[in-house]
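Spelled out, the chains give:
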Amino acid sequence: DQRRIDILVAGCGTGKQAIDRAVGIRASQVLGIDLSLASLAFAKRKAVELAIGNVEFKHADLLNLHLLNRSFDMIECIGVLHHMQDPVRGWALLVEHLRPGGLIRIGLYSETARRSIVAAQAFVAARGYGSSADGIRACRQDILATGSPEVGSASRIVDFYTTSECRDLLFHVSEKRFTLPAIGAILEELGLRFVGFEFGDPLQTQRYVERFPNDPTAMSLENWHRYEQEHPDTVIGLYLFSVQKPASGA
């Protein structure tokens, strides 16, 4: 029999990611955790509606993972660590609960790609918009009318046009951004091996390999850093990538 794959989705929100993983990997048991009770209630309802039996949801804090008393073959933590006071500590806690040889799928903001967002956030803060629906609508109208290429380019991101996503995009009280050299240093500190990026544009890796033919597997973070400096909008949403914990004895 195929062994069950235990998967943790840390910061599962309304459950889409956890449910997608449970459906996509039938031999899995997926646990989604989040701090929002409202989001978890929605996620549980959806799992019941869709009759998905291999997913569960719990109210839990990433910083208190030890209370679960569980370990996992795969962990997904996308768009969560960069909102923490100490993202590296949060990441290290995930590694502690990852089994040897296991994978972590991570999503982090890029310092380079977020430059227009940082400009728009400064615009929002300077003008004191509220984060209510009306405040966000007013903010969006003014950003679109500003005429500033730097501030206005935030409107190229799809999240700009949805109230809840725009709130996260421009009004979040805590946001940390990363460079690829910084991510490389974290991987070394945590003893993790880079496995590869995921891109919405399937041609992105092909373009990279054309630029760096000596790295056909596209695994060099140093080269990816050079590529991103040449193409600053490469990861306009998130760095989305996987890393692996060494197997026992490796």
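Just so we're clear, the structure is a prediction, and the values are computed from it rather than from any experiment. Within every chain, residues take consecutive numbers counted from 1 along the sequence as written. This being a predicted model, a pLDDT of at least 70 is required before a residue's local features are given, and a value of 80 or more before pairs of side-chain atoms are given or counted; all residues contribute to the totals for chains, interfaces and linings. Hydrogens and water are ignored here; the side-chain numbers use all heavy atoms of the structure.

## A look at the overall build of the protein
- Runs of H or I in DSSP of at least four residues are treated as helices and runs of E of at least two as strands, each being numbered from the N terminus. Assigned secondary structure in the protein consists of ten helices and seven strands.
- Based on C-alpha atoms, the radius of gyration is set beside the globule rule, defined as 2.2 Å times the residue count to the power 0.38. Here the C-alpha atoms of the protein give a radius of gyration of 19 Å, agreeing with the 18 Å that 2.2 N^0.38 yields for 250 residues.
- Oriented by its inertia axes, the alpha-carbon framework of the protein measures out at about 60 × 50 × 30 Å.
- For every residue, the accessible area obtained with a 1.4 Å probe (protein chains only) is divided by the maximum for its type, and the residue is called buried under 20%, exposed over 50%, and partly exposed between those limits. Burial statistics for the protein: of 250 residues in total, 47% are counted as buried.
- Contacts are residue-level and defined by heavy atoms, with any inter-residue pair within 4.5 Å sufficient. Pairs at least 24 apart in sequence give 71% of the contacts found in the protein among residues at least 6 apart.
- All accessibility values rest on the Shrake-Rupley procedure with a 1.4 Å probe; residue burial counts only the protein chains present in the view. With an accessible surface of roughly 12500 Å², the protein has 53% of that area assigned to carbon and sulfur atoms.
- Treating the 27 positive side-chain charges of the protein as one cloud and the 29 negative ones as another, the clouds have centres 4 Å apart. For this count, His and the chain ends are skipped, Lys and Arg are scored as positive, and Asp and Glu as negative. To locate a charge, take atom NZ for lysine, CZ for arginine, CG for aspartate or CD for glutamate.

## Quick notes on the nonpolar core
- We call a set of buried Ala, Val, Leu, Ile, Met, Phe, Trp, Tyr and Cys residues a nonpolar core when their side-chain atoms join them within 4.5 Å. Core analysis: the largest hydrophobic core is formed by 43 residues, its most contacted members being Trp91 and Phe241.
- Tallying contributions element by element places helix H8 (residues 180-190) first for this core, with five residues.
- When residues no more than four places from it in sequence are discounted, the contact partners of phenylalanine 241 are Trp91, Ile104, Arg105, Ile106, Leu108, Ile183, Phe194, Gly196 and Phe197.
- Counting residues in each nonpolar core, the second largest holds 17 residues, with Tyr129, Val151, Ala154 and Cys166 among its members.

So yeah, pure geometry; function would need other evidence.
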